[in-house]
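Inside the fold
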Amino acid sequence: MGSFAEIRERAEKRKGGADGLKALMPKAPNHDALRTLPDDRILSEMTRYIFYAGFVRNVIDAKWPGFEAAFSGFDPAFLNLAPDDYWHDLTSDTRVIRNGAKIMSVRANTQFIRRVADEHGSAGRFFADWPLEDQIGLLAVLDKQANRLGGMTGQYLLRAIGRDSFVMSHDVLVCLRLSGVPISESKPTKKDLRLIQDQFNAWHAETGLPLTHLSRICAFSVGMPGEEDET
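How each quantity is defined
- Residues numbered from 1 in each chain as written.
- Predicted model: local features only at pLDDT ≥ 70, side-chain atom pairs only at ≥ 80, totals over all residues.
- Heavy atoms only, no water.
- Axes fitted to C-alpha atoms, helices over the stretch in contact; angles between N-to-C directions.
- Helix = DSSP H or I, 4+ residues; strand = E, 2+ residues; numbered from the N terminus.
- Parallel < 35°, antiparallel > 145°, perpendicular 65-115°, else oblique.
- Contact = heavy atoms within 4.5 Å.
- Nonpolar A, V, L, I, M, F, W, Y, C, P; charged D, E, K, R; others polar.
- Core = buried A, V, L, I, M, F, W, Y, C linked by side-chain atoms within 4.5 Å.
- Buried < 20%, exposed > 50% of the residue type's maximum accessible area, 1.4 Å probe, protein only.
- Domains from an automatic or database assignment.
- Buried area = accessible area lost by both parts, 1.4 Å probe.
- Salt bridge = Lys/Arg side-chain N within 4 Å of Asp/Glu carboxyl O.
- Polar contact = N/O pair within 3.5 Å; in protein donor to acceptor, adjacent residues only side chain to side chain.
- Expected span 1.5 Å × (residues − 1).
- Disulfide = S-S within 2.5 Å.

As annotated in an unreviewed UniProt entry, the protein chain carries the name Putative DNA glucosyllase protein and is attributed to Rhizobium freirei PRF 81.

With that settled, consider the packing of helix 12 (residues 170–178) against helix 13 (residues 190–207). At a minimum axis distance of 12 Å, the contact between helix 12 and helix 13 shows a crossing angle of 75°. In terms of axis orientation, helix 12 runs roughly perpendicular to helix 13. Here helix 12 contributes Val172, Leu173, Cys175 and Leu176 to the contact with helix 13, which in turn contributes Ile196, Gln199, Phe200 and Trp203. Broken down by class, the residue content of the contact of helix 12 with helix 13 amounts to seven nonpolar, one polar and no charged.

So, on to the nonpolar core. If you look at soluble globular proteins, the nonpolar side chains tend to sit buried side by side. Core analysis: the biggest nonpolar cluster contains 66 residues, and Met46, Phe127 and Leu142 have the highest contact counts within it. By residue number, the principal contributor to this core is helix 4 (residues 39–52), which donates seven residues. In terms of domain composition, this core takes at least three residues from each of domain 1 (4–29 + 166–221) and domain 2 (31–161). In this structure, Met46 is in contact with Asn109, Phe112, Ile113, Phe127, Leu142, Leu149 and Leu157, ignoring residues within four places of it in sequence.

One frequently used descriptor of interface size is the decrease in accessible area upon assembly of the parts. Segmentation of the protein chain into domains returns domain 1 (4–29 + 166–221) and domain 2 (31–161). Taking the mean C-alpha position of each, domain 1 and domain 2 sit 27 Å from one another. Each partner contributes to the interface: domain 1 provides 13 residues, whereas domain 2 provides 11 residues. The junction of domain 1 with domain 2 conceals about 1200 Å² of combined surface from both sides, 54% of it contributed by carbon and sulfur atoms. Considering only the side of domain 1, the residues that lose the most area to domain 2 are Phe166, Val167 and Met168, jointly responsible for 39% of the buried surface there. Taken together, the links from domain 1 to domain 2 amount to one salt bridge. With a shortest N-O distance of 3.7 Å, Asp134 and Arg194 are connected by a salt bridge. Summed over the shared surface of domain 1 and domain 2, the number is six residue pairs in polar contact (both at pLDDT 80 or more). When contributions to the side of domain 1 that touches domain 2 are tallied by element, the ones reaching two or more residues are helix 13 and helix 14 (211–220). Ranked by residues supplied to the side of domain 1 that touches domain 2, first place goes to helix 13 with five residues. Of the residues belonging to the side of domain 1 that touches domain 2, the class tally is six nonpolar, six polar and one charged.

The geometry of helix 12 relative to helix 14 is characterised by a closest axis approach of 8 Å and an angle of 80° between their N-to-C directions. Relative to helix 14, helix 12 is oriented roughly perpendicular. Of the residues in helix 14, those touching helix 12 at Asp171, Val172, Cys175 and Leu176 are Ser215, Cys218 and Ala219. For the contact of helix 12 with helix 14, the residue count by class is five nonpolar, one polar and one charged.

Here we take up helix 4. Compared with the 20 Å implied by 1.5 Å per residue over 14 residues, the 20 Å span of helix 4 between its first and last C-alpha is a close match. For helix 4, every residue scored as buried is listed here: Asp39, Ile42, Leu43, Ser44, Glu45, Met46, Thr47, Arg48, Tyr49, Ile50, Phe51 and Tyr52. Those residues of helix 4 hidden inside the fold are in contact with helix 5 (57–70), helix 6 (76–81), helix 8 (100–120), helix 9 (123–129), helix 10 (135–145) and helix 11 (151–160).

Under the definition given, this model contains one disulfide. Here Cys175 pairs with Cys218 through a disulfide, and the sulfurs are 2.2 Å apart. Judged by the sign of its S-S torsion, about -110°, the cystine formed by Cys175 and Cys218 is left-handed. Of this pair, Cys175 sits in helix 12 while Cys218 is found in helix 14, placing the two residues 43 residues apart along the sequence. Here Cys175 matches Cys218 in class, with each residue buried.

And the structure:
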C-alpha cells in the first residue's frame, strides 16, 4: 500500500497547496465534548439525518424549529413515555415532514438512546468511548439496534455529533482502491469494511491525523475539483 503522503500530495495539488488544503479541514473532533453532549441533542441529530435522507436538506433545516417543538425538544425521558396518540398526532402535524415511518423512527431511537444511556451513563459517552479503531463495529450497532441509521445516514450522524470518523463516500472508496485496497466496485461487503477500517487505522498510525481529516483529504485527492462527495 502507498504512503498517505502520496494521497496528501495529490490533494494539495488539487486544492491550492498545503495551506489551501489545510483551510478545508474542519475543526478536529473533540470526544470530551461529545461525552457531555445531552441525549436530547443526539436524538435530535439522529432525527435530522433520518429526515435528510430522500429530502432536500434546506427544506428540513428550515422546518427544524418546528420539529424541535413538535417532538418536545427530543427529550428522551418524555418521549419514552409518550402514548400512542402522541405519535399518531405527529403524523398530521404540519410543523414536521409528515412521513409516518420516519416519525415512528424517533420512537424507536428514543428507546435506543435510553438503553445505551442506561448502560454507559449517557449516549454521548457511548459514542465517544467506542474504540476509534472499530468504527465499522459502531456502524453495525446503529444499523441493527437503532432505526433507519444504517449506511451513509449512520456515517453522517457520527460526523454530525462530533465523533471522529471516516465517511465511505464514492470518492473515498475510489481513493482507497487507488491506494491498493482490494475492495469491490459495488456496495462494500463485510470483508471490504474490515479492509477499509484497517487502512484508515494504518493511515491514522502513520500520520496522527484524525479520521475525519484523513477521510476528507482522501476524497479531495480524486474526482473533479469542487465536486468531491465527502462532507
